[in-house]
Protein chains: 2
Amino acid sequence: MGKKVLVVGAVALGSKAACRLKRLEPDAEVLLIDQDEHISYGGCGIPYYVSGDVADASELQSTSFHMLRDERFFKDCKDIDVMTRTRVTAILRNEKQIKIEKADGTTSLLPYDQLVIGTGSRVRNLNIEGQELGGIYSVGSLRDAIAIKSAIASGQAGTAVVVGAGFIGLEMAEALGDMWGIETTVVEISDQIMPGFVGPELAKMAQSHMEEQGVAFRLGESVVRFEGEDGRVARVVTDQETLEADLVIIAAGIQPNGELAAAAGLEVGFNGGILVDERMRTTDPDIYAGGDCVLVPNAITGKPGYYPLGSLSNRQGRVIGDNLAGKESVSPPVVGSFVVKLFETCLCGAGLTLKKALEEGFDAISVRMCQLDRAHFYPTKELMYLELVVDRSTRQVLGIQGSGSKGDATVGRINAVAALLGRKPKVEEISNLEFAYSPPFSSAMDIVNALGNVADNLLDGRMHPIGCEEFAEKWEEIKRGDVCLIDCRAKADAKVYEEKYPGIWKGIPQDELLGRLDELPEGKPLVLICNTGVRSYEAQLNLRAKGHRDNVTVFGGVAMLKNWGMDI
Amino acid sequence: MGKKVLVVGAVALGSKAACRLKRLEPDAEVLLIDQDEHISYGGCGIPYYVSGDVADASELQSTSFHMLRDERFFKDCKDIDVMTRTRVTAILRNEKQIKIEKADGTTSLLPYDQLVIGTGSRVRNLNIEGQELGGIYSVGSLRDAIAIKSAIASGQAGTAVVVGAGFIGLEMAEALGDMWGIETTVVEISDQIMPGFVGPELAKMAQSHMEEQGVAFRLGESVVRFEGEDGRVARVVTDQETLEADLVIIAAGIQPNGELAAAAGLEVGFNGGILVDERMRTTDPDIYAGGDCVLVPNAITGKPGYYPLGSLSNRQGRVIGDNLAGKESVSPPVVGSFVVKLFETCLCGAGLTLKKALEEGFDAISVRMCQLDRAHFYPTKELMYLELVVDRSTRQVLGIQGSGSKGDATVGRINAVAALLGRKPKVEEISNLEFAYSPPFSSAMDIVNALGNVADNLLDGRMHPIGCEEFAEKWEEIKRGDVCLIDCRAKADAKVYEEKYPGIWKGIPQDELLGRLDELPEGKPLVLICNTGVRSYEAQLNLRAKGHRDNVTVFGGVAMLKNWGMDI
């Protein structure tokens, strides 16, 4: 007879911990307990099930070899017992027992030698008036997903409001709009999409792209109440307007289910998430926890952070399985790598955003740039947009965020930098990061290297750029004639704009600039621009070498501005 | 008047060093000297120019904004002088002068304060009888490329032989076969393609793929002579056969042009490559060198290695530019990341292959696996194949190689591991590497994490696998009845094979195995197989827990074997 291990919660973390333990220690008696009927499913796949990309909910609960991960699977394939529809109501640590309550109301006590808490998260209750109306869903579990798809498939929805513009909200908006043709509006309380994950420029680029695909956005608005007819939602009232909606998806954040642990006297952190050490042990050495119910240290700040990511849960589950079996594995601090596909583009990142870095007290700035994702002479290529957050005084790289095609090129770059982020790399290491090069895959100077170079130039005081938002402000000054815009591209490229903005947009190709200095307006500040920022930087250096210091370039140039949604 | 900097060689390294220096120190007087007429071109793009993907050779010599990087460009945009068709015949270090010889035979001396050597590489002279015949080309410069394309375009080639199955050889074979319909055979002296870059399994997978696309291979053969008719090549005679060919591309390795430096008394290494320190200085502190003519330390072995990579040249050029201007930048040791597209697949890697690791004295093994490149329930996905080379005693990861679709997914994984390789990561760090997860981009347990896990299981003695080649040998024993094959997949999957190989191929699904132990043949060794190796590993653990130790699994299972070209 092996030791008794109880695992509370049988989605990603719990299932992985149980299976790993059994592989290392076949004698262990392992019981998985879950309050739901669906277990061991890929929650991140829910938007793709709702969209129809994944035809059947059971696919999210199946192995790659199409075996349903149900009770029978765990028993026959893994020799693990499973108890579903069972709530764990208390952990009696002194007795090393847990108290359970079955669906029929019966309760009992189960003894354990070791316990794993993988209770996950729940959708944050917004306590909005009318939230109990029919047609209002959250995306907290496979059960929710099945209900949403069933409602859509039966044709009940023509207009939808998604509350929250984080991952799930945006993925759901795409699913509703793209696959079901539902007129969808996303309401977000913050002034940008993906707050906390990317900076405002990248956010606006992705938002513009989604708007082109028909999704509407209401940023900086908060939902005041839901109004219904015959018990079903009909309108969403915000602090600024009323939106028609016969379907509402609430995706405004989740919170850890840490109460069971807290009630048992285990230490929890700022949002109720369970605190664990690097071996994923709670403050009770016989109790492990992981996944969406815990806080883990951020690799850059060292502080506990909340990272409810399915991939992290799986890796942490394995570490717990190891430790249960006596193998002292550790789960390293987290950089929070993420990616979200949004129609034909994606947003991804790792580490800190500029805003977060400043809040954490870093002397942070960010540099932005765009460049083709492969050799410029290769027939297929797209622009990629990256932002690098760095500390001015130490030159440490704090984070990276990006946007690019829906393919793997952008996220591949983020993953490479993410691999280093926990090691506190300097800007120079990003400049010299080795990317495999061949024209169908990258440029000889990869965009990430170039991004490091831009940071280096800025930190050394050679480059003086502005971002899209600052350009938009300067544009007013340019139109007033207070600032002069110099287009450093070839004549033909600048000409279109010169004709559109006579007297405002002035083309002087970079290679002619030093010979045409007399054409620059005396005493006026200059904005130097080109297509992606390469030539305008060169022009800036040319001018500064001649003593002209009152000039700025634009991060990513015209390409960046256009992608950002600037109407020039 | 600024200092005089002479740069010998104006392709990747020299141009980049010159431009960077001028950006940092506008006063410097910089002269770029090249023996060729074409300068500053992307040599890695040559196969795409030959194939027709790139229509005009000038595109390889243009900036991303379509400006030809010729003498005028360097003068007007960069304030850099250029001297083409000029050979540098000697460096007079005591006098700080170089001796040059122009195309018209005139010679002169030029003084320098600092000198940069970026003389690149040349195609190794194989000294094969008949190599001077018409129709025989190497791929050493843009000039060569233009000659090849002109020969093809004029319809002179119906059958081609490519000598050498490294990057350039394979890319050229694809270009000839795919775009021009030329019947192409690759002759390689080694017993695999891409020797030194990937192991034999991945090599065979890519070879099988190329064979399906119509490229023929002759491995382990060496060219003895070329035979011609009317001064043009007609046949390639190897040590084993005679091949018809009216076009021959020699791509059998390159060597550094280190002679100029060596003659000046600068230290060179094992293959004549110039030795440089981390700041890219030669043994003369006023002379820098980089790119294809230097040796740089390998990040894993610490020993000087030869890495003629366009991307590295660009990054090194920037480091040289910095140092010329007094900014003390360093170029870190190299892991040699590479990627090559081969029709619909790619090969890529970083660090050491298993063979190289063993040669270097590591107690090395490699683990191989395949897994889908995105969530298994996501509608589009493909199998990816990875190999991880690890040191058994220290658990240090020494290298990674991979094969997958022609897209960015595989190379993205390689780049992420490459970012860490120089930091001597342990297997555990690969298991916990943070990959951004979302179903359209990866699995919750990314293939790289899973690869680390496989290595961990193997190093801990839990997993006992064999590779494709060993399976092919065992297959003979299986057919003789000496070894029993157990297919651990679901009944339906195994059935096809049971019917094809009655009495040899036996299906026992993993979840039924423990209840059917009596069906296993007494005293016979077992080979456990499934589709990718997940269930056969579980079955192996099941059996070993019951005391059955004489069994092995197959890395990557049936999927790997089939991709490798095993006819089962």
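Criteria and cut-off values
- Residues numbered from 1 in each chain as written.
- Chains lettered and ligands numbered in written order.
- Predicted model: local features only at pLDDT ≥ 70, side-chain atom pairs only at ≥ 80, totals over all residues.
- Heavy atoms only, no water.
- UniProt positions renumbered as here; feature names shortened; annotations may be inferred.
- Helix = DSSP H or I, 4+ residues; strand = E, 2+ residues; numbered from the N terminus.
- Buried < 20%, exposed > 50% of the residue type's maximum accessible area, 1.4 Å probe, protein only.
- Least-squares fit on C-alpha atoms with pLDDT ≥ 70 in both.
- Contact = heavy atoms within 4.5 Å.
- Buried area = accessible area lost by both parts, 1.4 Å probe.
- Salt bridge = Lys/Arg side-chain N within 4 Å of Asp/Glu carboxyl O.
- Patch = residues over 30% accessible without salt bridge, like charges linked within 9 Å, V, L, I, M, F, W, Y side chains within 5 Å.
- Areas by Shrake-Rupley, 256 points an atom, 1.4 Å probe, with all protein chains shown as cover.
- Lys, Arg positive; Asp, Glu negative; His and termini not counted.
- Charge placed at Lys NZ, Arg CZ, Asp CG, Glu CD.
- Pairing = 2+ DSSP bridges.
- Axes fitted to C-alpha atoms, helices over the stretch in contact; angles between N-to-C directions.
- Phe/Tyr/Trp six-rings, centres within 6.5 Å; stacked < 30°, edge-to-face > 60°.
- Lys NZ or Arg CZ within 6 Å of the ring centre and 35° of its normal.
- Polar contact = N/O pair within 3.5 Å; in protein donor to acceptor, adjacent residues only side chain to side chain.
- Expected span 1.5 Å × (residues − 1).
- Core = buried A, V, L, I, M, F, W, Y, C linked by side-chain atoms within 4.5 Å.
- Domains from an automatic or database assignment.

A. Fine view of the UniProt feature "domain: Rhodanese" (unreviewed entry) in chain A. The feature "domain: Rhodanese" (unreviewed entry), as given by UniProt, occupies residues 479-559 of chain A in the numbering adopted here. Here residues 479-559 of chain A is 38% helix and 19% strand, with 20 Å between the C-alpha atoms at its ends.

B. Expanded view of unusual backbone geometry. All names here are of chain A. A positive phi angle, close to 55°, is found at Asp79, a residue other than glycine. According to the relative accessible area criterion, Asp79 is partly exposed, its value standing at 37%. A positive phi angle is found at Arg85, which is not glycine, with a value near 45°. Checked against the element boundaries, Arg85 lands in the loop between β3 (81-83) and β4 (86-92).

C. Focus on the relation of the copies chain B and chain A. For the match of chain B to chain A, the screw axis carries a shift of 0.0 Å, the RMSD comes to 0.0 Å, and the turn is 180°. The superposition of one copy onto the other is thereby described by a two-fold rotation axis. Here 99% of the interface residues in chain B have copies in chain A that are interface residues too; the copies meet face to matching face.

D. Main features of the interface of chain B and chain A. With 88 residues of chain B at the contact, the number on the chain A side is 89 residues. Summing the contributions of chain B and of chain A, the shared interface buries around 7,500 Å²; its carbon and sulfur component is 56%. Per-residue buried area on chain B facing chain A is highest for B:Arg315, B:Glu434 and B:Phe441; these three make up 11% of the total on that side. Where chain B touches chain A, the interface holds 18 salt bridges. For the salt bridge of A:Arg72 with B:Asp511, the shortest nitrogen-to-oxygen distance reads 3.2 Å.

E. Quick peek at a negative patch on the surface. A surface patch of negative charge is lined by A:Asp191, A:Glu469, A:Glu470 and A:Glu473. Structurally, A:Glu473 can be placed in helix α13 (residues 468-480).

F. Just the sheet that holds strand β19 (residues 287-289) of chain B, in detail. All names here are of chain B. The five strands are arranged β3-β2-β1-β7-β19 in an open sheet whose pairing can be described as parallel. If you trace the sheet from one side to the other, it starts and ends with β3 (81-83) and β19, each paired once. In this sheet, neighbouring strand axes are inclined to one another by 20° on average, regardless of whether the strands run parallel or antiparallel. In this sheet, strand β2 (residues 29-33) lies alongside strand β1 (residues 4-8) in parallel orientation, the contact comprising five bridges. The partner of Val8 across the bridge, within β2, is Ile33. Against the sheet, helix α1 (residues 12-24) touches β1, β2 and β7 (114-117), its axis set at about 170° to β2. Contacting β1, β7 and β19, helix α9 (residues 310-324) runs over the sheet at an angle of about 165° to β19.

G. Looking closely at the environment of A:Ser443. Residue and element names in this part refer to chain A. Looking at where Ser443 falls in the secondary structure, it is placed in the loop between α11 (427-431) and α12 (447-459). According to the relative accessible area criterion, Ser443 is buried, its value standing at 13%. Sequence separation between Ser443 and Gln371 is 72 residues; the distance between their C-alpha atoms is 9.0 Å. When neighbours within four sequence positions are excluded, Ser443 is seen to be in contact with Gln371, Leu372, Arg374, Ala375 and Tyr437.

H. Structural detail: the sheet that holds strand β11 (residues 183-188) of chain A. Residue and element names in this part refer to chain A. The five strands are arranged β9-β16-β10-β11-β12 in an open sheet whose pairing can be described as parallel. Of all strands in the sheet, those bounded by a partner on one side alone are β9 (136-138) and β12 (216-219). Between one strand axis and the next, the sheet turns through 20° on average, direction left out of account. Looking at chain direction, strand β10 (residues 159-163) and β11 are connected through five bridges and run parallel. Paired with Thr159 across the two strands is Glu183, which belongs to β11.

I. How the structure looks around the packing of aromatic side chains. Evaluation of the coordinates by the stated rule reveals 20 aromatic pairs over all chains. Arranged with centres 5.3 Å apart and planes meeting at 85°, the rings of A:Phe73 and A:Phe74 form a pair that is edge-to-face. The exposure classification of A:Phe73 matches that of A:Phe74, with both residues buried. With 4.7 Å between their ring centres and 80° between their planes, B:Phe167 and B:Phe197 make a pair best called edge-to-face. Here B:Phe167 is found in helix α6 (residues 167-180), whereas its partner B:Phe197 is found in the loop between β11 (183-188) and α7 (200-212), with 30 residues between them in sequence. With a relative accessible area of 17%, B:Phe167 lands in the buried category. Overall, B:Phe197 belongs to the partly exposed group, its relative accessible area being 30%. Taken together through their ring pairs, the aromatic side chains of A:Phe471, A:Trp475, A:Tyr497, A:Tyr501 and A:Trp505 make up a single cluster. The ring of B:Phe65 has A:Arg535 lying over it, and the distance from NZ or CZ to the ring centre is 3.6 Å.

J. Structural view of the side chain of B:Thr84. Residues and elements named next belong to chain B. Position of Thr84 among the secondary structure elements: in the loop between β3 and β4 (86-92). For Thr84, the side chain forms a polar contact with the side chain of Glu71, separated by 3.2 Å. Those residues within four positions of Thr84 in sequence are excluded, and the remaining contacts are Asp34, Asp36, Glu37, Ile39 and Glu71.

K. Region of the structure containing α9(B). Residues and elements named next belong to chain B. In this model, α9 (15 residues) spans 21 Å end to end at C-alpha, consistent with the 21 Å of a helix rising 1.5 Å per residue. Within α9, 15 of the 15 residues are buried, which leaves it mostly tucked inside the rest of the structure. Of the residues one or two after α9, Gly326 is the one with positive phi, at around 90°.

L. Examining the nonpolar core more closely. Of all hydrophobic cores here, the largest spans 98 residues; its most connected members are A:Leu388 and B:Leu388. Every residue in contact with B:Leu388, bar those within four places of it in the chain, is listed here: B:Ile365, B:Ser366, B:Val367, B:Val397, B:Gly399, B:Ile400, B:Ile430, B:Leu451, B:Gly452 and B:Ala455.

M. Representation of the pairing of strand β22 (residues 338-342) of chain A in the model. The buried fraction of β22(A) amounts to five of the five residues, a majority that puts the element mostly inside the structure. Of the two faces of β22(A), both are covered, the one formed by A:Phe338, A:Val340 and A:Leu342 as well as the one formed by A:Val339 and A:Lys341.

N. Examining the domain arrangement of chain A more closely. Residue and element names in this part refer to chain A. Here the domain parsing of chain A yields domain 1 (4-121 + 255-324), domain 2 (136-252), domain 3 (338-459) and domain 4 (465-564). A straight line from the C-alpha centre of domain 2 to that of domain 3 covers 30 Å. Each partner contributes residues to the interface: domain 2 has 19 residues there, and domain 3 has 17 residues. Together domain 2 and domain 3 conceal approximately 1,600 Å² of surface at their shared face, both sides included; 75% is due to carbon and sulfur atoms. Among the residues domain 2 hides against domain 3, the three largest losses belong to Glu174, Leu202 and His209. Together they make up 32% of the total. Seen at the junction of domain 2 and domain 3, the total is two salt bridges. Between Lys341 and Glu174 there is a salt bridge, with the nearest N and O atoms lying 2.7 Å from each other. Our count for the contact surface shared by domain 2 and domain 3 stands at four residue pairs in polar contact (both at pLDDT 80 or more). Of all the elements in the fold, those that place two or more residues in the side of domain 2 that touches domain 3 are α5 (167-180) and α6 (200-212). Take the side of domain 2 that touches domain 3: its biggest share by element is six residues, from α6.

O. Highlighting the environment of A:Val186. All names here are of chain A. Structurally, the position occupied by Val186 is in strand β11. On the basis of relative accessibility, which here comes to 0%, the residue Val186 falls in the buried class. Separated by 21 residues in sequence, Val186 and Ala165 have C-alpha atoms that sit 6.5 Å apart. Ignoring sequence-local partners within four residues, the contact set of Val186 consists of Val162, Gly164, Ala165, Ala173, Val215, Ala216, Phe217 and Arg218.

P. Focus on helix α5 (residues 142-153) of chain B. All names here are of chain B. Between the first and last C-alpha of α5 there are 16 Å, a value that for twelve residues agrees with the 16 Å anticipated at 1.5 Å per step. On the buried face of α5, the contacting elements are α2 (46-51), α3 (57-60), β9 (136-138), α6 and β16 (247-250). Looking one or two places after α5, you find Gly155, whose phi comes out positive at around 75°.

Q. Summary view of the pattern of salt bridges. Tallied over the entire structure, the rule returns 100 salt bridges over all chains. Note that A:Arg93 is salt-bridged to A:Asp284, the shortest N-O span being 2.9 Å. Of this pair, A:Arg93 sits in the loop between β4 and β5 (97-102) while A:Asp284 sits in the loop between β18 (274-275) and β19 (287-289), placing them 191 residues apart in sequence. Of the residues examined, A:Arg93 reaches a relative accessible area of 28% and is grouped as partly exposed. A:Asp284 sits in the buried class, given a relative accessible area of 9%. Between B:Glu359 and B:Lys355 there is a salt bridge, with its nearest N and O atoms 3.7 Å apart.

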